Amino acid sequence: MKKIIFFLLLTSGVFAQEIPTHWDELTASDWPMALEKSNRTIILPIGILEKHGPQAPIGSDLIRARQWAKRATDIEYAVVFPDYYYGQVNEAKHIQGTFSLPSDLTMELLEATCKEIARNGFNKILIVNTHGGNPSMLRYFIQNQMESQRDYAVYLFDPGSDPEYEKRLSEMRKSDASGDMHAGERETSELIYLRPDLVKIERATDESGADEERLTEIPNIYRGIWWYSSFPHHYAGKGETGTKEVGKLVTDHAVNSIVKALKAVKEDNQTLQLQKQYFEDVEKSSNDKS
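Parameters at a glance
Residues numbered from 1 in each chain as written. Predicted model: local features only at pLDDT ≥ 70, side-chain atom pairs only at ≥ 80, totals over all residues. Heavy atoms only, no water. Helix = DSSP H or I, 4+ residues; strand = E, 2+ residues; numbered from the N terminus. Buried < 20%, exposed > 50% of the residue type's maximum accessible area, 1.4 Å probe, protein only. Patch = residues over 30% accessible without salt bridge, like charges linked within 9 Å, V, L, I, M, F, W, Y side chains within 5 Å. Areas by Shrake-Rupley, 256 points an atom, 1.4 Å probe, with all protein chains shown as cover. Salt bridge = Lys/Arg side-chain N within 4 Å of Asp/Glu carboxyl O. Contact = heavy atoms within 4.5 Å. Phe/Tyr/Trp six-rings, centres within 6.5 Å; stacked < 30°, edge-to-face > 60°. Lys NZ or Arg CZ within 6 Å of the ring centre and 35° of its normal. Core = buried A, V, L, I, M, F, W, Y, C linked by side-chain atoms within 4.5 Å. Polar contact = N/O pair within 3.5 Å; in protein donor to acceptor, adjacent residues only side chain to side chain. Axes fitted to C-alpha atoms, helices over the stretch in contact; angles between N-to-C directions. Parallel < 35°, antiparallel > 145°, perpendicular 65-115°, else oblique. Left-handed = near helix turned anticlockwise from the far one by under 90°. Nonpolar A, V, L, I, M, F, W, Y, C, P; charged D, E, K, R; others polar.

Brief notes about unusual backbone geometry
Part 1: Within the chain, Asn39 stands out as a residue other than glycine whose phi angle is a positive 55 degrees.
Part 2: Here Asn39 is to be found in the loop between helix H2 (31–38) and strand E1 (41–46).
Part 3: Look at Asn39 and you get partly exposed, because its relative accessible area is 36%.
Part 4: Look at Arg40: it is not a glycine, yet its phi comes out positive at around 55 degrees.
Part 5: Tracing the backbone through its elements, the reader meets Arg40 in the loop between H2 and E1.

Structure below.
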């Protein structure tokens, strides 16, 4: 009787085994349970290595991505891929500490990484990005998933506006939000909250984070040199105004948003079904032409 009761408790989840969320902390024997518990869903957190003003660590984006993923998966289980710091950061190569690979290699590496993740059993890959120079590249990458047939889907965490959160953030700010674009109040606040030991706040005013406006505007034209022309020191904002309280607000909001997205991705069946149907239609169309 005791054995039966124990079996029922075990299968009901009362004594469910706790396993790590991070890929590199799982044992090989954990793998089947991790796939089942995550519903074959994994987070690929992408940061970058680049200067973040004179006060914040070069790996600020990487730290934020890592922490967001960890905190989200502590709430809603999924596996987290190890640190990934390959992305678009060509505009910062003049500053030491920047790690920037050729653009074609960056895209090829991301494609190969997703394929290798899928080979290990995950068919839902959720990219969580914290680097401001990556969104255009990542949207292009996501769209390119329709180029050839695959048995997995890649999702990009792409949060919309949240008026209530934005109102609270505005009330807590000490600097102008319009100029807070890189290593300013918001990002520095996050690092003060997440890794205060790495922030040298006393150095935040050693350089200016103001727009230098060195490029004459041409209406309706976009140029790749715009960032360097405005912020050659790779610093945009006032990092000295950062606070732990703002960092907590920003972090909590990001994590809660990821949790909602993660739950939806884990439950999503339509994307893979429609993707399969699409490639069947592509093949049928090709055969009809031949």
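The structure having been displayed, the exposition proceeds.
What to know about a nonpolar patch on the surface
Part 1: A contiguous nonpolar patch, built from Met181, Leu215, Tyr222, Ile225, Trp226 and Tyr228 and spanning about 600 Å² of accessible area, is present on the exposed surface.
Part 2: With respect to the helices, strands and loops of the structure, Tyr228 is situated in helix H8 (residues 226–230).

Some points on the side chain of Ser38
Part 1: Its place among the elements puts Ser38 in helix H2.
Part 2: The class for Ser38 is buried, based on a relative accessible area of 0%.
Part 3: Not counting residues within four places of it along the chain, the set of residues in contact with Ser38 comprises Tyr77, Ala78, Val79, Phe122 and Lys266.

A few points about the packing of aromatic side chains
Part 1: For the coordinates displayed, the defined rule picks out eleven aromatic pairs.
Part 2: Ring plane angle 40 degrees and centroid distance 4.7 Å describe the contact between Tyr85 and Tyr86, whose orientation is recorded as tilted.
Part 3: With 5.4 Å between their ring centres and 85 degrees between their planes, Trp226 and Trp227 make a pair best called edge-to-face.
Part 4: Residue Trp226 is classed as partly exposed on the basis of its relative accessible area, which comes to 33%.
Part 5: Judged by relative accessible area, Trp227 falls into the buried class, the value being 10%.
Part 6: In textbook terms, an aromatic cluster arises when at least three aromatic residues are bridged by ring pairs, as seen for Trp23, Trp31, Phe81 and Phe122.
Part 7: Directly above the aromatic system of Tyr77 lies the positively charged group of Lys37, at a separation of 4.8 Å from the ring centroid.
Part 8: The ring of Tyr228 is capped by Arg214, whose NZ or CZ atom sits 4.7 Å from the centre of that ring.

Here's the deal with the nonpolar core
If you look at soluble globular proteins, the nonpolar side chains tend to sit buried side by side.
Part 1: In terms of nonpolar packing, the biggest core is built from 26 residues, with Trp23, Ile42, Leu44, Val79, Leu110, Cys114 and Phe122 touching the most fellow members.
Part 2: In contact with Trp23, other than residues within four places in its own chain, are Trp31, Ile42, Val79, Val80, Phe81, Pro82, Ile117, Asn120 and Phe122.
Part 3: The next biggest cluster of nonpolar side chains, apart from the first, holds 17 residues, and it includes Leu126, Ala153, Tyr155 and Phe157.

Side note on helix H7 (residues 185–194)
Part 1: Of all the ten residues making up H7, nine are buried; the element is thus mostly covered by neighbouring parts of the structure.
Part 2: In this structure, the buried residues of H7 make contact with helix H3 (60–75), helix H6 (163–172) and helix H9 (244–267).

A few points about the side chain of Asp180
Part 1: With respect to the helices and strands, Asp180 occurs in the loop between H6 and H7.
Part 2: Among the polar contacts listed, one links the side chain of Asp180 to the side chain of Arg173, at a separation of 2.7 Å.
Part 3: One polar contact links the side chain of Asp180 to the main-chain amide nitrogen of Arg186, over a distance of 3.0 Å.
Part 4: Beyond its immediate stretch of four places on either side in the chain, Asp180 contacts Arg173, Glu185, Arg186, Ala236 and Gly237.

A word on the environment of Lys51
Part 1: Counting through the fold element by element, Lys51 comes out in the loop between E1 and H3.
Part 2: Lys51 gets classed as buried once you look at its relative accessible area, which sits at 14%.
Part 3: Between the C-alpha atoms of Lys51 and Ile127, which are 76 residues apart in sequence, the distance is 23 Å.
Part 4: When near neighbours in sequence (up to four residues on either side) are disregarded, Lys51 contacts Ile58, Ile95, His182, Glu207, His233 and His234.
Part 5: Only 2.8 Å separates the side chain of Lys51 from the side chain of Glu207, close enough to count as a polar contact.
Part 6: A distance of 3.0 Å separates a polar atom in the side chain of Lys51 from the backbone oxygen of His233.

So, the packing of helix H4 (residues 103–119) against helix H5 (residues 135–143)
Part 1: Here H4 crosses H5 at 50 degrees, and the two axes come no closer than 11 Å. With respect to H5, the element H4 is oriented oblique. H5 is crossed by H4, and the crossing has right-handed handedness. On H5, the residues touching Thr106, Met107, Leu110, Glu111 and Cys114 of H4 are Met137, Leu138, Tyr140 and Phe141.
Part 2: Each residue belonging to the contact of H4 with H5 can be placed in one class, and the counts come to seven nonpolar, one polar and one charged.

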